[in-house]
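# Coordinates in review
Chain by chain, the residues run as shown.
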Amino acid sequence: MKSPRRTHALRLLIAWAVLSVIGIVIAMQIHMPPGDQTRQGADETSTISLMLVLATPVFVGVVVFLVYAAFAFRQTRGAIEDGPVSRGDLRLQVTWVALTAIVVFVLAGIGIAELAGSANATDFSSQPLGASGTQPVGASAGHELQVQVIAQQWYFTYRYADYGGVETLHLVLPVDANIVLHVTSTDAVHSFWAYELGVKADANPGVDNVFYVTTMHTGSFTVRCAELCGLWHGNMFDTNGKVVSQDEFASWISGQQASEADLQLPPYAPMYFPSPRVKGS
Amino acid sequence: MSERAIGEPEWQPEVDANLTRIGTRIFLVADLFFFAAFFFTFFYLRAMNNNYSWLPAGTTHPTRAIGAVIVLLAILTAVFHLGAIRNAAMTRTLLWLALAAGVLCIGFQIYEFRNLGFDPQQGGGFPSVFIGLKGALMVQTAGALLWLATQISQSNPAGDMATRRATAAHFSNVLFFLAGIGLIAYLVLYFV
Amino acid sequence: MAASVTGNAQTMLTPSEQRMTVPTNIVTAIVLALVGYWAGVQIGNGFAFNDGENTGVILGYVLGSLLFLVGLGFANYPLQRLFGWHIASQPSGDEHAGVGRYLNLSLDHKVIGVQYLIAMLMAMLFGGIGAMLVRTNLLDPSTPIFPPDKYLVLVSMHSVMMIFVASAAIVGPFGNFFVPLMIGTNRMAFPRLEALSFWLVPPAIVILLAAPIFGGFQTGWTGYAPLSEQAPAGFDSYIVGFTLIGLALVTSGINMLTTIICLRAPGMTWTRLPLFVWGVFSASILGTFAAPVLAAALSMQALDRTMNTTFFISSNGGSPYLWENLFWFFGHPEVYIFILPAFGIVMELIPHFSRKPIWGYKTAVVGLLGVTLLSWFVWQHHIFVSGIAPALRPFYMLSTEMISIPTGIVFLVAFGTMWRAKISMAVPMLFCLAFLFNFLLGGISGVFLSDVPSDVTLHGSYFSMAHFHYTIVGGEIFAIVGAVYYWFPKMTGRMFNQTLAKIQFWWMFITFNSTFLPLFAAGLLDMPRRVSTYALNLQGLNDWVSISAYLLFSSMVFFAVIVIWGWFFNSEPAPADPWHARSIEWQLPTPLPRRNFARIPTFTRPPYDYGEGVPRPVIESGAEPAPA
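Conventions we followed
- Residues numbered from 1 in each chain as written.
- Chains lettered and ligands numbered in written order.
- Predicted model: local features only at pLDDT ≥ 70, side-chain atom pairs only at ≥ 80, totals over all residues.
- Helix = DSSP H or I, 4+ residues; strand = E, 2+ residues; numbered from the N terminus.
- Buried ≥ 20, exposed ≤ 12 C-beta atoms within 10 Å, placed from the backbone.
- Contact = placed C-beta atoms within 7 Å.
- Nonpolar A, V, L, I, M, F, W, Y, C, P; charged D, E, K, R; others polar.
- Pairing = 2+ DSSP bridges.
- Axes fitted to C-alpha atoms, helices over the stretch in contact; angles between N-to-C directions.
- Parallel < 35°, antiparallel > 145°, perpendicular 65-115°, else oblique.
- Left-handed = near helix turned anticlockwise from the far one by under 90°.
- Expected span 1.5 Å × (residues − 1).
- Core = buried A, V, L, I, M, F, W, Y, C linked by C-beta atoms within 7 Å.
- pLDDT = per-residue confidence, 0-100.

## Let's talk about the overall build of chain B
If you tally the helices and strands in chain B, you get six helices and zero strands. The order of α-helices and β-strands along chain B, N terminus first, is α-α-α-α-α-α. By residue count, 42% of the 192 residues in chain B fall in the buried class. Considering only contacts within chain B whose residues lie at least 6 apart along the sequence, 81% involve residues at least 24 apart.

See the structure below:
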């Protein structure tokens, strides 16, 4: 002698539980970007995967209810009959709000912990830009590799402050290193998005936007501009970014220094301002 | 703000005054957000001082005396209007005085813009905010004076000031609001 | 004025009164607008500082819009009062008959609602055509059909046009039409402001459409400086058009708030307001107070482009962050201006089609007001990666995620109402259910974007683009289409074909999801927004999306056909209450008379009183029906 109310609730609960478990199992099989080339990227991957897992029962619950209600609570065809009067249930409402609040605060807590964790574990002590680097770079605190990312319409240039400010058009980074990216721009607002590295940092003119990254695996990565920056925004990408071994990096950077020895590069600066009054067509 | 729907038997001066009271307040809060954006800009750009160009070379604060005169005239406009509403016998005279003070206020503002002591064409943080904030204030004051003139026109014996004094009274709030913004702008722009 | 309340318009006119009987209508408005534009350009070019045509174009737009309003007759009443002339006539919407009423200044809230509806559907068509061209360009990454500048102009025009539509398409048509009916009043607080809020929209749309004449603008709807400072004079369209929409939000907001606060009928207490009115109320709060910030920021852009100030130029003491902060301080409440009235529509419709009282009325109101409050404190989540102080990010992360709590309430209330109900699957109800499904996906993806670590990867990618299309198209537009079907019989006096509408629903629902669901994947696979070319391996995905988008567009064309057919070619008049709903607007006759209520009703019960065996309320409407 079950009340119809309990029957409905039981059916919904079972359907929700079963489908949620299936959904979570599927969700856990999906590989989420950006991967584990860097520690920050690995953090982002785990956050996205965790959210997907948490979102699955929510999604399943709503869909199960909508479908169930659409069939089980249907008006008889042609009839105009009123449903039972019920103007609310304070206990249920409080429970619901409390539940969503708990989920929200847990999520925010995880996010904040991850932010704080990534800042603490990195332990990048401040080092004046342009100080000479030692080998191997980035192996210990205080010896991180400083790279400046200069965005301009419509490509990125990279300057290695520790190596006399040599410039390249493709970013090459050593593996197992702490790297500080100083992102700036000389004209419009760009956004430096190194997809596999898990880096996205806006490039503003006259601003030194700092982003920390710790490389873990060698491989190549793609760099894209993620903020609308004018005509060739869509073509502002480079698929030739590389994370290489420390040895390879050392020989590559000395080769760069040698090839640019004769070049008259502008003096290194922490940020660049565009020439005044860039406006009008 | 008199509105009368066609064939509206429910139209009553009290309803009208109440609508104007609430509507004016909502408008003033909205306008406060407008000016708050400029004050935010002031402190933001001043704190950033990008490229050391908050006060570019050759930029000095404009003369404080003329700024003070402008603020005083704006306050006088509001006070005269309040007096006009309170004092039925002198309504017309005081409204004319309020209008005169308002016109003088705008006149002095234009004079100030023409004798800034710096060239806003050269850019810079402070010159930009100065032009933007005081310009916006001047435009709004000019709009308020149009309404003030309407009230003068309606305060003649054939006008509707007599029946709608309660509605007209809420306009004082607008004038005091503009004077208050002018005062804060004066303190911020000339002393900070 | 006192005389005119009781007097009639037949009184003899003195010469000074006759001066004001110059007829004003749409023709004089257009002529004056053109004159104003021409004069503005001449004046502007006279004292252009150094920026080419910007000063002239902006002044032309402003003067043109101003004189457009004067030509419509907005200046008649203020001028009559300024010069103390006897008020001989007021534009009321009654002096133009037939279709003319909808083409001219009218102070009838029902006419304004219909005007808004038509203007919004037209703008949606323009924005939709833009979207189709964008998707066509993305069919092939290697041989785009548009050069990149044209492509970006299309993207920007599509986005700004759709933002115009989304900001006003619920409060404008349905708010103006139904709020006075629902709260039981014959008038709006400020009918002239209400009419102004509509008549600012057509100039805004025309000005935006004029942008390509001056090179368009390639900044997207965000208009980030200093890219906007580089943009050609087409960007002036963005400045003036957006300002006009901002003014429309403020004027409509002041009118709505004052009306709802002051003009509720006796017995219509705050706890008896229909939830649609609450949705309009909370959206109006946001519109009234957020849009002025946009107006201030846009006037700074205008000053930068014409007077050579440097608000947003970092080499001269300005800052691009200033624009980002001001813009998103407006921009985030703005997106809740879109969705709050849509919540209102869904929570209004679900009780009627479930034939149950709303479950948890007060909780629903708390939810709406909670979103209203929280939306002021989240704007920096749009600039998590821009280089803001890292210490700020946890706060904005938390405040953003907290939005899920009041949003969750909306779902709870909808579920509680549908629990053991007698749901009739009429067309509007289908759209409500689809709203819940689509908005759920939009909301969940929003949580991904609110969390800083995941946002670093997802920000500025197609993932965020898919997210806001799920909330705005899947949420708001579905609610709008549902609301059009629901209120169509009352607004037009005609019925649409319900079978075709059901087909249209499934067509739209399936193609919508097939268009935007793959875009989440595109974003996760590193496709940034607003690009005219993309990685070759994403071509299959993008082609699928483009073809789905064409089908989605065709479903909207189908919608327009159903509406136009039902409105103009279906001679059968609609019954007064085709949905058997108990809310007050359905107790009034169809078509509605000029005066809504012969006697202002007194409310004694909460709304949605289904299942209690109470007889329907009897409402006395105005005696004389409106001219057809």
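## Observations regarding the overall build of chain A
Helix and strand counts for chain A come out as four helices and ten strands. Taken from the N to the C terminus, the helices and strands of chain A come in the order α-α-α-β-β-β-β-β-β-β-β-β-β-α. Every one of the 281 residues in chain A was classed for burial, and the buried ones make up 38%.

## Section: the interface of chain A and chain C
Contacts between chain A and chain C engage 78 residues on the former and 79 residues on the latter. Elements represented by at least two residues in the side of chain A that touches chain C include exactly α1 (4-29), α2 (39-72), α3 (90-122), β6 (190-194), β7 (199-203) and β9 (219-225) of chain A. For the side of chain A that touches chain C, the element with the most residues is α2 of chain A, which contributes 14 residues. Its residues assigned to classes, the side of chain A that touches chain C comprises 43 nonpolar, 21 polar and 14 charged.

## Some points on the sheet that holds strand β5 (residues 178-185) of chain A
Residues and elements named next belong to chain A. Ordered by their spatial adjacency, five strands build an open sheet running β3-β2-β1-β5-β8, and the pairing between neighbours is mixed. Only two strands of the sheet have a single partner each, and these edge strands are β3 (166-168) and β8 (209-214). Neighbour-to-neighbour, the strand axes of the sheet open up by a mean angle of 25°, direction not taken into account. Note that strand β2 (residues 155-160) and β3 share three bridges and pair antiparallel. Along β3, the bridge assignment pairs Tyr158 with Thr168.

## Brief notes about the packing of helix α15 (residues 320-354) of chain C against helix α21 (residues 462-492) of chain C
Residue and element names in this part refer to chain C. Close contact between α15 and α21 brings their axes to 9 Å; oriented N to C, the two are set at 45°. Taken together, the axis directions place α15 and α21 in an arrangement best described as oblique. Helix-helix and strand crossings are classified by hand; for α15 and α21 the assignment is left-handed. Here Phe338, Ile339, Ala342, Ile345, Val346 and Leu349 of α15 lie close against α21, whose contacting residues are Thr471, Ile472, Gly475, Glu476, Ala479, Gly482, Ala483 and Tyr486. Partitioning the contact of α15 with α21 into residue classes produces ten nonpolar, three polar and one charged.

## What about the pairing of β6 of chain A?
Residues and elements named next belong to chain A. Taken across its five residues, β6 has five buried, putting it largely inside the fold. Residues His190, Phe192 and Ala194 point to one face of β6 and Ser191 and Trp193 to the other, with burial holding for every one of them. Between β6 and β7, which pair antiparallel in sequence order, lie four residues; one of them, Gly198, sits at a positive phi of approximately 70°. Here β6 pairs with β9 via three bridges, running antiparallel.

## Here we look at the pairing of β2 of chain A
Residue and element names in this part refer to chain A. One ladder, built from six bridges, connects strand β1 (residues 145-152) with β2; its direction is antiparallel. Within the sheet, the bridge partner assigned to Gln152 lies in β2 and is Tyr155. Adjacent in sequence and paired antiparallel, β1 and β2 are bridged by two residues. Hairpin connection of β2 to β3: five residues between the antiparallel strands, including Gly164 at a positive phi of 70°.

## Description of the interface of chain C and chain B
The interface is formed by 50 residues belonging to chain C together with 52 residues belonging to chain B. Among the elements that line the side of chain C that touches chain B, the one with the most residues is helix α14 (residues 275-306) of chain C, at ten residues. In the side of chain C that touches chain B, the residues fall into 30 nonpolar, 15 polar and five charged.

## So, helix α22 (residues 498-524) of chain C
Between its first and last C-alpha, α22 of chain C extends 39 Å over 27 residues, near the 39 Å set by a 1.5 Å rise per residue. Where α22 of chain C ends, the next residue or the one after it, Asp526 of chain C, has phi of about 65°, a positive value.

## With respect to unusual backbone geometry
With an omega of 5°, the peptide bond between Gln153 of chain A and Trp154 of chain A qualifies as cis. Within the element layout of this structure, Trp154 of chain A appears in the loop between β1 and β2. The omega torsion across Thr590 of chain C and Pro591 of chain C is -5°, close enough to zero to call that bond cis. By secondary structure assignment, the location of Pro591 of chain C is in the segment after α23 (539-569). Despite not being glycine, Arg355 of chain C shows a phi value in the positive range, around 55°. Residue position: Arg355 of chain C is located in the loop between α15 and α16 (361-374).

## Here's the deal with the nonpolar core
If you look at the biggest cluster of nonpolar residues, it comprises 325 residues, and the most contacted ones within it are Phe192 of chain A together with Val346 of chain C. It is α15 of chain C that contributes the most residues to this core, 21 residues altogether. What Val346 of chain C contacts, discounting residues up to four positions off in sequence, is Ala414, Cys432, Phe435 and Ala479 of chain C.

## Some points on the sheet that holds strand β4 (residues 172-174) of chain A
Residues and elements named next belong to chain A. One open sheet accounts for five strands, arranged β4-β10-β9-β6-β7; its pairing is mixed. Sheet topology places β4 and β7 at the edges, where each strand pairs with a single neighbour. The sheet shows a mean angle of 20° between the axes of neighbouring strands, direction not considered. Seen against the sheet, helix α4 (residues 246-259) touches β4 and β10 (237-244) and runs at an angle of roughly 135° to β4.

## Examining the packing of helix α7 (residues 109-137) of chain C against helix α10 (residues 191-199) of chain C
Residue and element names in this part refer to chain C. One way to put it is that α7 packs onto α10 with a least axis distance of 10 Å and a crossing angle of 10°. Judged by the angle between their axes, α7 and α10 are roughly parallel. For the pair formed by α7 and α10, the contact residues are His109, Ile112, Gln115 and Tyr116 on the first element and Glu194, Ala195 and Phe198 on the second.

## So, the environment of Ala302 of chain C
Following the sequence through the fold, Ala302 of chain C ends up in helix α14. Setting aside its immediate chain neighbours within four residues, Ala302 of chain C contacts Ile58 and Ile239 of chain C.

## Focus on the confidence of the model for chain A
All names here are of chain A. On average, residues of chain A score 85 in pLDDT, and 86% of them reach the 70 mark or higher. For the stretch residues 125-141, pLDDT sits under 50, and the model shows 31 contacts to residues farther than four places along the chain or on other chains. In the model, residues 277-281 has pLDDT below 50 throughout and makes 13 contacts with residues more than four positions away in sequence or in other chains.

## Here's the deal with the confidence of the model for chain B
Residues and elements named next belong to chain B. Looking at chain B as a whole, its pLDDT mean stands at 88, while 94% of the residues score no less than 70. Low pLDDT, under 50, characterises residues 1-10; the stretch is placed with 24 contacts to residues that sit more than four places away or in other chains. For this predicted complex, the interface score ipTM comes out at 0.92, while the overall pTM is 0.93.

## Re the environment of Ala210 of chain C
Residue position: Ala210 of chain C is located in the loop between α11 (201-209) and α12 (227-230). For the pair Ala210 of chain C and Asp236 of chain C, spaced 26 residues apart in sequence, the C-alpha to C-alpha distance is 10.0 Å.

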